[in-house]
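Notes for the structure review
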Amino acid sequence: MASPHFAAQIDASLFTGTPDFPFYLPAVSFDGSRVEIAGRTLLGFASNDYLGLARHPGVIGAAQQALAKFGASTNGSRVLNGSTTLHEALERSLADWLGSEDCVLFPTGYQACMGVVATVGARASAVVLDREAHASLFDGARQSGARVCRFEHNDVLALRRRLKALDRGALVVVDSVYSMSGDVAPLAEIHACCSEFGATLLIDEAHGLGVLGQGHGGAYAAGVTGTDTLVVGTFSKALGSIGGFAVGSSQFALELRSKCRSQLFSAALSPASTAAALEALNILRAEPARVARASARAATIRAALREDGLPLSNCASTIVPVVLSDAARVLHAWQHCFDSGVYVNAVLAPAAPAGRALLRVSCTADHRESDCQQLIDVLRGALRLGGAGEAR
Ligand SMILES: Cc1ncc(COP(=O)(O)O)c(C=O)c1O
């Protein structure tokens, strides 16, 4: 059942004629690209397990060993009793993979994003965010106490105008891949703009890590990896686990370890989650073909929908947005997919910008080409049902 808070943001009348509520659906089991819900096995295109690692035997084995060795909980914050050798090993491995001096783990991606923006934003002249940046980044900006500004989504000229009007020393916050639209940020241009106006760039790699730049992320793909750039992210997408991280200079890591409230005042990432993420990173290093496969599946779907006239870009992200604009059309199209045996996500405001409600399709390395074909056929039926779509 939806939380009252969430339900309060959706007009209940939209659900007329929609027998299945598309949110908070409890899965009975997951098996790679298949998900069992309410007694039915559906083809799943709704997971963020982009590399198919959450159920990889090596990842599960590593989590089981950590559980047996360290127990189910860390029972405390990293700063006091919650640190283990596993946490330090994951921090070293991730800093190395991302070409950074240091890394700090967080219990969740949300806490990493929110805490880092709040901490760094507190000493910035202003926090300037892409309008479609993740909610956790906006929450951090509000907590920072700094002046908060937005700029038009992925619009470097709009960012330039903003920064020109502000004092030097602003913090600019963007996602490398936008979680709902799948848009890839023009990071090289954004970085150049930040350098020109003396701003610090912070990139959320939640959906870029394991996907772009041969798995190193969007910052790496754009050549933006200096110590002047800060990166946050999560293990809950391509790395098949739970937990968040921040990477950057040693000085930045020290600042987080000593000042960041969501780091200091929350229990450390569980041993099983830490070991799972560490093993997932090992597999990512060893099996680069997974990265290529996940993007190739999304490319197949994008190309087919483009043939139908949907204006989708050919970016490398694993997320394919089918924008239907109006929430009622999205819910009906979602229902058509569900009834046809395909599980995608219905994304309404506030998760999508007003007037840009969408079906979100996410691809993983576990999908076969035949799965993509089935999805495409079902989506075509759904689009006829919902009227001609608009997508990007
Ligand atoms: C762009 C982005 N940043 C941060 C987060 C938060 O990560 P987590 O769900 O692992 O806490 C998410 C997850 O929804 C996300 O999509």
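A few points on the structure. What you see is a predicted model, and the numbers here were worked out from it, not measured in a lab.

Description of the environment of valine 104
For valine 104, the location among the structural elements is in strand S4 (residues 102–106). Along the backbone, valine 104 and phenylalanine 252 are 148 residues apart, and their C-alpha atoms lie at a distance of 9.4 Å.

Re the packing of aromatic side chains
Centre-to-centre distance and the angle between the planes together describe a pair of aromatic rings. If you walk through the whole model with that rule in mind, you get three aromatic pairs. Their ring planes at 20 degrees and their centres at 4.9 Å tell us that tryptophan 334 and phenylalanine 338 sit as a pair that is stacked. Taken together, the positions of tryptophan 334 and phenylalanine 338, both in helix H14 (residues 327–339) and four residues apart, correspond to about one turn of that helix. Phenylalanine 338 matches tryptophan 334 in its accessibility class, with the two residues each being buried. Among the aromatic residues, those joined into a ring-pair cluster are Trp334, Phe338 and Tyr343.

Some points on the sheet that holds strand S11 (residues 319–325)
Note: strands within a sheet are paired through backbone hydrogen bonds, in either parallel or antiparallel orientation. One open sheet holds the three strands; their spatial order is S11-S14-S13, and the pairing between them is antiparallel. Edge strands, defined here as strands with exactly one partner in the open sheet, are S11 and strand S13 (345–347). Pairwise comparison of adjacent strand axes, ignoring direction, gives a mean angle of 25 degrees for this sheet. Where S13 meets strand S14 (residues 357–362), three bridges bridge the pair, whose relative direction is antiparallel. Bridging across to S14, alanine 346 finds its partner in leucine 359. Set on the sheet, H14 makes contact with S11, S13 and S14; between it and S14 the angle comes to about 35 degrees.

Things to note about the packing of helix H4 (residues 85–97) against helix H12 (residues 271–286)
Between H4 and H12, whose axes approach to 9 Å, the crossing angle comes to 30 degrees. The angle between H4 and H12 places the two elements in the roughly parallel class. Seen along the crossing, H4 lies across H12 with a hand that is left-handed. Residues Leu86, His87, Ala89, Leu90, Ser93, Leu94, Asp96 and Trp97 of H4 form the contact with H12, whose participating residues are Pro271, Thr274, Ala275, Ala277, Leu278, Leu281, Leu284 and Arg285. Looking at the contact of H4 with H12, its residues break down into 11 nonpolar, three polar and two charged.

Some details on H14
Here H14 contains 13 residues, and its C-alpha end-to-end distance of 18 Å stays within 8% of the 18 Å for a straight helix at 1.5 Å per residue. Residues Ala327, Val330, Leu331, Ala333, Trp334, Gln335, Cys337 and Phe338 constitute the buried set of H14. A positive phi of about 90 degrees marks glycine 341, the residue just after H14.

Some details on the side chain of histidine 367
Looking at the secondary structure, you find histidine 367 in the loop between S14 and helix H15 (369–386). What makes histidine 367 buried here is its relative accessible area of 1%. A distance of 2.9 Å separates a polar side-chain atom of histidine 367 from the backbone nitrogen of threonine 364. Leave out the neighbours within four places in its chain, and histidine 367 touches Ser33, Leu43, Gly44, Phe45, Arg297 and Ser362.

Focus on unusual backbone geometry
Cis geometry marks the peptide bond from alanine 349 to proline 350, where omega comes out at 10 degrees. With respect to the helices, strands and loops of the structure, proline 350 is situated in the loop between S13 and S14. Despite not being glycine, alanine 38 has its phi angle at roughly 50 degrees, a positive value. Along the chain, alanine 38 falls in the loop between strand S2 (34–37) and strand S3 (40–44). Taking relative accessible area as the criterion, alanine 38 reaches 65% and is therefore assigned exposed. Unlike most non-glycine residues, glutamine 214 shows phi in positive territory, near 50 degrees. Tracing the backbone through its elements, the reader meets glutamine 214 in the loop between strand S8 (200–204) and helix H9 (218–222).

Some thoughts on the site of the ligand
Within the structure, the ligand sits among 14 residues, and Asp204, His207, Thr234, Ser236 and Lys237 are positioned closest to it. The separation between an oxygen atom of the ligand and a polar side-chain atom of histidine 207 is 2.6 Å. Residue lysine 237 places a side-chain N or O atom 3.1 Å away from an oxygen atom belonging to the ligand. Across the complex, the protein chains shield 82% of the 390 Å² of accessible surface that the ligand would expose by itself. At three residues, the largest contribution of residues to the shell around the ligand is made by helix H5 (residues 109–121). Residues that form the shell around the ligand fall into these classes: three nonpolar, eight polar and three charged.

Conventions we followed
- Residues numbered from 1 in each chain as written.
- Predicted model: local features only at pLDDT ≥ 70, side-chain atom pairs only at ≥ 80, totals over all residues.
- Heavy atoms only, no water.
- Helix = DSSP H or I, 4+ residues; strand = E, 2+ residues; numbered from the N terminus.
- Phe/Tyr/Trp six-rings, centres within 6.5 Å; stacked < 30°, edge-to-face > 60°.
- Buried < 20%, exposed > 50% of the residue type's maximum accessible area, 1.4 Å probe, protein only.
- Pairing = 2+ DSSP bridges.
- Axes fitted to C-alpha atoms, helices over the stretch in contact; angles between N-to-C directions.
- Contact = heavy atoms within 4.5 Å.
- Parallel < 35°, antiparallel > 145°, perpendicular 65-115°, else oblique.
- Left-handed = near helix turned anticlockwise from the far one by under 90°.
- Nonpolar A, V, L, I, M, F, W, Y, C, P; charged D, E, K, R; others polar.
- Expected span 1.5 Å × (residues − 1).
- Polar contact = N/O pair within 3.5 Å; in protein donor to acceptor, adjacent residues only side chain to side chain.
- Near = heavy atom within 4 Å.
- Areas by Shrake-Rupley, 256 points an atom, 1.4 Å probe, with all protein chains shown as cover.

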